[in-house]
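Each chain is listed here by its residues.
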Amino acid sequence: MTTKENTPIPAKTAAEDDEIDLIALAKDLWNGRRTIIKYTLIGIAIGLFVALLSPKEYTVQTTMVPQSGQSGGSKLGGLSSLAAMAGFNLDMSSGTEALSPLVYPKILQSVSFQMELMNTPFQFKEVDHPVSLFEYYTEYKKPGALGILKKYSLGLPGVIIKALRGEQTSSTSEGKSDLLSLNEDQEKVLKTMNENLSLEINDKEGILSLSARFHDPVLAAQVAQKAQQMLQAYITTYRIQKAQEQLDFIQERYQEKKQEFQAAQEKLARFRDQNKNVSSALAQTEIERLQSEYDIAFSVYSELAKQLEQAQIKVKEDAPVLTIVEPVRIPLQKSKPNRPMILIIWTFLGGIIGVSLIFGRQFLSSIRERWED
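Since this is a predicted model, take the numbers as computed values, not measurements.

Peer 1: Sorry if this is basic, but what is going on with the overall build of the chain here?
Peer 2: Across its full length, the chain carries 13 helices and six strands. Split into buried and exposed, the 373 residues of the chain put 28% on the buried side. Put simply, 78% of the contacts in the chain that link residues at least 6 apart link residues at least 24 apart. Surface accessibility of the chain: about 25500 Å² in total, with carbon and sulfur atoms responsible for 57%.

Right under this line is the structure:
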């Protein structure tokens, strides 16, 4: 007959331990509910402050498709056949390589591009006449309440250091005047431009998306439109640079040989007029010599005229085109700030800080008890 004393006591399962731990954690959270509520309310207050004081921003986006004038193979179609009948050779099979669209964002972010855009005048609702972005950000732009608070709180050490150092002038020296050098104000505006202007590439669809983000919807549209035009001009310049240099060289040689041909033509005509009734061998020899000079000058002049026509066609052919799929338009809705999201994030952070403080206190008290034992 078995006794109850010999009956083994069942061990606690892991599920029971977990249940006990969860109950203990819930109890700790309940006991510290005031702390959680306190920091959650602080997070709500900070979220409301940031959401209401954050400046509005409007985003303009335009979509483009890069296209090149070259299409490989017979690039001029029937024009080549017609030109061949007229004695022109328009074989452009050895064309230059196309500029990769992957380079386009680098062009947009280059200092030369940003400086040109920075010094372009635009219309601002705060100013009664067109001013450049550099003038606006350095002379007319006033920081908001949040910007002032940030400047004299997180940015206070920088303000003090700048005051101690004094005004810094540009580091450009007379011996290095050809080198590009920016002052502190230009660097700040350049940083703002890089943050507010971007170009994204969609490799799958083969499209470019140009975005401009500013506090004024009309200004954002103006900057996006100007950046789009400048990007087309810069890409065209880079793309046809080699062909344009060749065209300029042929143009110069063409003008020189044209003058030589006209001089030889005039010289031959004048000699013939002066020796109409002369039949001497010396006169005939001189006419033949002048005729030979005229033929050579005409041959060179005619060949350069053909090459000039080819070079002009090549420059136009190689010029890339950005086809506008989605044009620039003035936005009606702001893109930032997302006030509900800001409030939710700060509320969540406040609750997380309150919970962390409760568990932190429990952890420190447990360590203190271990040290006392």
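Peer 1: Hey, could you run me through the packing of aromatic side chains in this one?
Peer 2: Remark: the centre distance and the inter-plane angle together describe each pair of aromatic rings, the angle taken between the planes. One pass over the structure, following the stated rule, counts eight aromatic pairs. Seen in terms of ring centroids, Phe 124 and Tyr 136 are 4.2 Å apart; in terms of plane orientation they differ by 10°. Their pairing is stacked. Of this pair, Phe 124 sits in the loop between strand S2 (121–122) and strand S3 (131–132) while Tyr 136 is found in helix H6 (residues 133–140), placing the two residues 12 residues apart along the sequence. Here Phe 124 falls in the buried class, since its relative accessible area comes to 4%. Ring geometry for Phe 261 against Tyr 294: centres 5.4 Å apart, planes inclined by 35°, an arrangement best described as tilted. Of the two residues, Phe 261 sits in helix H11 (residues 241–274) while Tyr 294 sits in helix H12 (residues 281–318), which places them 33 residues apart along the sequence. In this structure, Phe 261 and Tyr 294 share a single accessibility class: buried.

Peer 1: I would appreciate a short explanation of the nonpolar core in the present structure.
Peer 2: Looking at soluble globular proteins, one finds that nonpolar side chains tend to be buried together. Core analysis: the biggest nonpolar cluster contains 37 residues, and Phe 113, Leu 117 and Val 223 have the highest contact counts within it. Of the residues forming this core, the biggest block, 10 residues, is contributed by helix H10 (residues 217–239). With near-sequence residues (within four places) excluded, Leu 117 lies in contact with Phe 122, Leu 133, Met 193, Leu 197, Val 223, Lys 226, Ala 227 and Met 230. One finds Leu 268, Phe 271, Tyr 301 and Ala 311 within the second-largest nonpolar core, a separate group that totals 18 residues.

Peer 1: Got a minute to help me understand H11 in this structure?
Peer 2: The periodicity of an α-helix, 3.6 residues per turn, causes residues three or four places apart in sequence to face the same way. An ideal rise of 1.5 Å per residue puts 50 Å on 34 residues; H11 measures up with 50 Å between its terminal C-alpha atoms. For H11, the complete set of buried residues consists of Ala 243, Leu 247, Ile 250, Tyr 254, Phe 261, Ala 264, Leu 268 and Phe 271.

Criteria and cut-off values
Residues numbered from 1 in each chain as written. Predicted model: local features only at pLDDT ≥ 70, side-chain atom pairs only at ≥ 80, totals over all residues. Heavy atoms only, no water. Helix = DSSP H or I, 4+ residues; strand = E, 2+ residues; numbered from the N terminus. Buried < 20%, exposed > 50% of the residue type's maximum accessible area, 1.4 Å probe, protein only. Contact = heavy atoms within 4.5 Å. Areas by Shrake-Rupley, 256 points an atom, 1.4 Å probe, with all protein chains shown as cover. Phe/Tyr/Trp six-rings, centres within 6.5 Å; stacked < 30°, edge-to-face > 60°. Core = buried A, V, L, I, M, F, W, Y, C linked by side-chain atoms within 4.5 Å. Expected span 1.5 Å × (residues − 1).

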